[in-house]
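# A structural walkthrough
If you want the building blocks of each chain, they are given just below.
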Amino acid sequence: MSPDPYVRGQALAFVLALIGVSILGSPIAGLSCTAVVAFAFWILQARYGGDLGAADIEAVPGHRRTLDAMVAGNVRLAVVVGSVGGMVMLFAKRPDLGIAPASTVILAVTAAVILLSSLIDWYIILPRMSGLLGIRPCRDPEENFPRRPETWREVTRWWYIHRIVAAVVLRFGLSFAISLALARYIAVPHGAAIVAGALMGGFASYVAAAWDAFWQAGHLTLIVGRTVQRREVNRVPRKIVVFGWKLQLPFFTEGVAGQIQPREYVYDVALEGVQLSRVESREGAEVPRHDNGRILYERNPAKLPVKDINASRPKPAQPFIGCRGRCSGINWYCIENPRCFKNK
């Protein structure tokens with residue numbers, strides 16, 4: 001997750017949603033969303049400062065410190081604009097532009113949830129993933145943090161959960177907001193419900209992915225910082241038996257385990273899939289480097305869809321040793337990488 005442009009863009013979307021809900025919907029709802037984001041932001045910043053203190057970190061690297069200021073500035077600006085806009089429109093006469101007020105409220109709540117998810121990434125997950133707090137996934141996979149999430153298992157679980165919530169709220173929030181906005185323009189009976197159903201049907205794959213990710217969050221198979229050996233997964237048409245006849249369902253597939261893959265390092269988890277990097281090139285005497293001699297940090301890991309994790313039959317492998325006493329570059333998010341918070 002890169003603060004620039006993602007957090008900046010999400011803060012802008014939140015501001016626009018607050019302006020929309022204050023003008024077209026309910027200023028009270030806009031002020032409530034603003035207050036929730038402001039309070040959560042204050043809590044997360046306090047947690048971040050507490051984590052740095054508990055880890056006895058005296059100085060934050062410049063590339064992280066600059067982005068800390070940018071993230072905080074964007075959120076504070078969004079809160080100020082939302083508060084002022086909400087207070088002004090609370091006592092002003094609002095125009096009727098034919099847009100359902102409820103749709104703007106849903107959009108504001110959706111924008112708030114997406115922004116808060118990114119702030120959890122920035123203040124809770126990435127300080128741990130990058131090694132900013134002193135413990136690194138590629139070097140200390142068995143060490144615990146002084147404050148929760150304390151273990152890499154907990155970090156992985158928290159990462160899954162907040163991203164699941166953000167992804168589901170985004171898809172369903174947009175579906176309901178659009179259907180409510182179009183409801184008064186649809187003459188057919190139950191037109192809004194039809195539109196909502198059609199939109200949510202388009203997001204069916206995300207619903208299935210969210211369920212698979214939720215299951216993984218509760219029954220973790222791949223944990224950040226660990227190494228595993230898995231099998232290649234091939235997608236084949238699902239077969240069913242009907243009255244003794246074997247039928248193939250071309251639009252429904254299942255994963256079939258294939259060849260065993262070399263050892264891989266678990267480096268990122270998301271709703272769409274888990275990212276893994278092969279370790280052999282990072283455990284040798286020489287690590288990959290740029291022409292100018294700088295370490296070449298991993299930026300093109302393999303992606304295993306969450307739905308295929310069980311089919312891949314991952315088994316724990318020996319811990320990664322490439323970062324013992326040095327940096328191997330296997331973790332793009334490593335705080336030693338000056339570009340660790342930029343797009344890969």
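Summary of the structure given here. (Residues numbered from 1 in each chain as written. Predicted model: local features only at pLDDT ≥ 70, side-chain atom pairs only at ≥ 80, totals over all residues. Heavy atoms only, no water.)

### Quick notes on the overall build of the chain
When you go through the chain residue by residue, the secondary structure sums to 8 helices and 7 strands. When burial is assessed residue by residue, the chain has 44% of its 344 residues classed as buried. Once local pairs closer than 6 in sequence are excluded, the contacts in the chain between residues at least 24 apart make up 76%. Summed over its atoms, the accessible surface of the chain is roughly 17,400 Å², and 62% of this surface lies on carbon and sulfur atoms. (Helix = DSSP H or I, 4+ residues; strand = E, 2+ residues; numbered from the N terminus. Buried < 20%, exposed > 50% of the residue type's maximum accessible area, 1.4 Å probe, protein only. Contact = heavy atoms within 4.5 Å. Areas by Shrake-Rupley, 256 points an atom, 1.4 Å probe, with all protein chains shown as cover.)

### A word on the pattern of salt bridges
What the rule picks out here adds up to 13 salt bridges. Note that Asp-268 and Arg-163 form a salt bridge whose closest N and O atoms lie 3.7 Å from each other. Here the residue Asp-268 occupies a position in strand β4 (residues 264-269), and Arg-163 occupies one in helix α5 (residues 152-182), the gap between them amounting to 105 residues. We classify Arg-163 as buried; its relative accessible area is 19%. With its nearest N and O atoms 3.6 Å apart, the salt bridge here joins Glu-298 to Arg-282. Residue Glu-298 is located in the loop between β5 (273-278) and β6 (302-305), and its partner Arg-282 is located in the loop between β5 and β6; the two are separated by 16 residues in the primary sequence. Looking at Arg-282, the relative accessible area reads 4%, which means it is buried. (Salt bridge = Lys/Arg side-chain N within 4 Å of Asp/Glu carboxyl O.)

### Some remarks on the environment of Ala-217
Position of Ala-217 among the secondary structure elements: in helix α7 (residues 204-218). Residues Ala-217 and Tyr-160 lie 57 residues apart in sequence; the distance between their C-alpha atoms is 5.9 Å. Those residues in contact with Ala-217 that lie beyond four places of it in its chain are Arg-157, Tyr-160 and Ile-161.

### So, a positive patch on the surface
Residues Arg-294, Arg-299, Arg-339 and Lys-342 make up a contiguous surface patch of positive charge. The residue Arg-339 is located in the segment after β7 (315-316) in this model. (Patch = residues over 30% accessible without salt bridge, like charges linked within 9 Å, V, L, I, M, F, W, Y side chains within 5 Å. Lys, Arg positive; Asp, Glu negative; His and termini not counted. Charge placed at Lys NZ, Arg CZ, Asp CG, Glu CD.)

### Comments concerning the packing of helix α1 (residues 3-24) against helix α3 (residues 62-90)
Closest axis-to-axis distance for the α1/α3 pair is 9 Å, and the angle between their directions is 5 degrees. When the axis of α1 is compared with that of α3, the two are roughly parallel. Of the residues in α3, those touching α1 at Pro-3, Asp-4, Val-7, Arg-8, Ala-11, Phe-14, Val-15, Leu-18, Ile-19, Ser-22 and Ile-23 are Leu-67, Met-70, Val-71, Asn-74, Ala-78, Val-81, Gly-82, Gly-85, Gly-86 and Met-89. Tallied by class, the residues present in the contact of α1 with α3 amount to 14 nonpolar, 5 polar and 2 charged. (Axes fitted to C-alpha atoms, helices over the stretch in contact; angles between N-to-C directions. Parallel < 35°, antiparallel > 145°, perpendicular 65-115°, else oblique. Nonpolar A, V, L, I, M, F, W, Y, C, P; charged D, E, K, R; others polar.)

### Remarks on a nonpolar patch on the surface
A surface patch of nonpolar side chains, amounting to about 420 Å² of accessible area, comprises Ile-28, Met-87, Leu-90 and Phe-91. Here Met-87 shows up in helix α3. Its relative accessible area of 43% is what places Met-87 among the partly exposed residues.

### Focus on the sheet that holds β5
Here we have 5 strands laid out as an open sheet, ordered β6-β5-β4-β1-β7, and antiparallel in their pairing. The open sheet has two edge strands, β6 and β7, and neither has a second partner. (Pairing = 2+ DSSP bridges.)

### Some remarks on the nonpolar core
Among the nonpolar cores identified, the biggest contains 78 residues, and Phe-14, Leu-119, Tyr-123 and Tyr-160 are the most heavily contacted of them. Residue assignment for this core shows that the elements contributing at least two residues are α1, α2 (27-54), α3, α4 (101-129), α5, α7, β4 and β5. Of all the elements, α4 adds the most residues to this core, at 12 residues. Residues within four places of Leu-119 in sequence aside, it is in contact with Phe-41, Leu-44, Val-71, Val-75 and Ile-124. (Core = buried A, V, L, I, M, F, W, Y, C linked by side-chain atoms within 4.5 Å.)

### A word on the state of the cysteines
The full count for this structure, using the stated rule, is 0 disulfides. Cys-327 takes part in no disulfide bond, and the closest cysteine sulfur to it belongs to Cys-334, at a distance of 4.4 Å. For Cys-340, which is in no disulfide, the shortest distance to another cysteine sulfur is to Cys-334 and amounts to 7.4 Å. Since its relative accessible area comes to 2%, Cys-340 is described here as buried. (Disulfide = S-S within 2.5 Å.)

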